[in-house]
Amino acid sequence: GERAADLVFSLLLLIRGFVAFRDGLGLLLVRFGGEQLRRRLLLDPARLHLPLGASFWLTLIGSFFNNFLPGGAGGDIVRMYYAMRGNEGRRTEIATIILLDRVFGTFGLLVLPLLLAPMFPELLQSVPVLRGMLWVGAAGAAAVLLGLLLCFTGRADNGSLGLRLFQRLSLG
């Protein structure tokens, strides 16, 4: 009686744990697939073709070092190291693309809550702090977008506001 009920309960918990593990693993693979796609889309215009297997490996190794090295840049540094091997003449290009990948990832993290917020209107009404956090996220996303626009519009010449500001700052 009681032992059989405990056994059934344990089996149900085991199945529930397996389903959660399977779903989590599936989401992780979707995340890695998205990172690979984003990286390949950034590398292709520079004629730096990265095979799918190498891209997946680079994603895994970068994620490992992001989790186990102090600071958030450990995975990017390791990604740069491995991506630069065998590409001696294009190291600056590769480093720039990997840093740009990080900027796009940050932008995505800032925009995602803004895209999901309309699905939870009751929560937004009942938690004012959440609305404030969404405003901060929106401001951060706007700042990243503005920075990207300044970098890619060709307006960053000697007369640009940003360059004049940096020239006036006393850095030493």
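Report follows, based on the coordinates. (Residues numbered from 1 in each chain as written. Predicted model: local features only at pLDDT ≥ 70, side-chain atom pairs only at ≥ 80, totals over all residues. Heavy atoms only, no water.)

## What about a nonpolar patch on the surface?
No. 1: A cluster of nonpolar side chains, namely Val-8, Leu-12, Ile-15, Phe-18, Val-19, Phe-21, Leu-25, Leu-28, Leu-29, Phe-56 and Leu-60, defines an oily patch on the protein surface of about 990 Å² accessible area.
No. 2: Along the chain, Phe-21 turns up in helix α1 (residues 2-43).
No. 3: When its relative accessible area of 53% is taken as the criterion, Phe-21 is described as exposed. (Patch = residues over 30% accessible without salt bridge, like charges linked within 9 Å, V, L, I, M, F, W, Y side chains within 5 Å. Areas by Shrake-Rupley, 256 points an atom, 1.4 Å probe, with all protein chains shown as cover. Salt bridge = Lys/Arg side-chain N within 4 Å of Asp/Glu carboxyl O. Helix = DSSP H or I, 4+ residues; strand = E, 2+ residues; numbered from the N terminus. Buried < 20%, exposed > 50% of the residue type's maximum accessible area, 1.4 Å probe, protein only.)

## Notes on the pattern of salt bridges
Where charged atoms from two side chains of opposite charge come close, those side chains can pair.
No. 1: The final tally for this structure, using the stated rule, is seven salt bridges.
No. 2: Between Asp-76 and Arg-79 there is a salt bridge; the shortest N-O distance is 2.7 Å. Pair noted here: Asp-76 and Arg-79 are both in helix α3 (residues 74-84), with a separation of three residues, about one helical turn.
No. 3: Ionic contacts of the salt-bridge type, sharing partners, join the residues Arg-31, Glu-35, Asp-76, Arg-79 and Arg-102 into one network.

## Remarks on helix α4 (residues 91-116)
No. 1: For α4, with 26 residues, the first-to-last C-alpha span of 38 Å sits near the 38 Å given by 1.5 Å per residue.
No. 2: Bending of α4 peaks at approximately 25° at the position of Leu-110, with proline Pro-113 no more than four residues after it.
No. 3: Among the residues of α4, Ile-94, Ala-95, Ile-97, Ile-98, Leu-100, Asp-101, Gly-105 and Val-111 are the ones counted as buried.
No. 4: Against α1, α3 and α6 (128-152) lie the buried residues of α4. (Expected span 1.5 Å × (residues − 1). Bend = angle between axes of the 7 residues up to and from the residue. Contact = heavy atoms within 4.5 Å.)

## Quick word on α6
No. 1: The terminal C-alpha atoms of α6 lie 36 Å apart, and with 25 residues this matches the ideal 36 Å at 1.5 Å per residue to within 8%.
No. 2: Within α6, burial applies to Leu-134, Gly-137, Ala-141 and Leu-148.
No. 3: Those residues of α6 that are buried lie in contact with α4 and α5 (121-126).

## Here we look at the nonpolar core
No. 1: Ranked by internal contacts, the top residues of the largest apolar core, which has 17 residues, are Leu-48, Ile-94 and Ile-97.
No. 2: Contributing elements (two or more residues each) for this core: α1, α2 (52-68), α3 and α4.
No. 3: In terms of residues, this core owes the most to one element, α4, which gives five residues.
No. 4: Residue contacts for Ile-94: discarding those within four places in its chain leaves Leu-48, Ala-83, Met-84 and Asn-87. (Core = buried A, V, L, I, M, F, W, Y, C linked by side-chain atoms within 4.5 Å.)

## Observations concerning the layout of surface pockets
No. 1: Estimated volume of the largest pocket: approximately 410 Å³.
No. 2: Those elements giving two or more residues to the lining of the largest pocket turn out to be α1, α3 and α4.
No. 3: No other element matches the eight residues that α4 contributes to the lining of the largest pocket.
No. 4: Taken together, the residues that form the lining of the largest pocket break down as three nonpolar, four polar and eight charged. (1 Å grid on protein atoms, 1.4 Å probe; cavity = no way out; pocket = protein on both sides within 12 Å on 5 of 7 lines; lining within 4 Å. Points joined across faces, edges and corners; volume = space filled by probe spheres on them. Nonpolar A, V, L, I, M, F, W, Y, C, P; charged D, E, K, R; others polar.)

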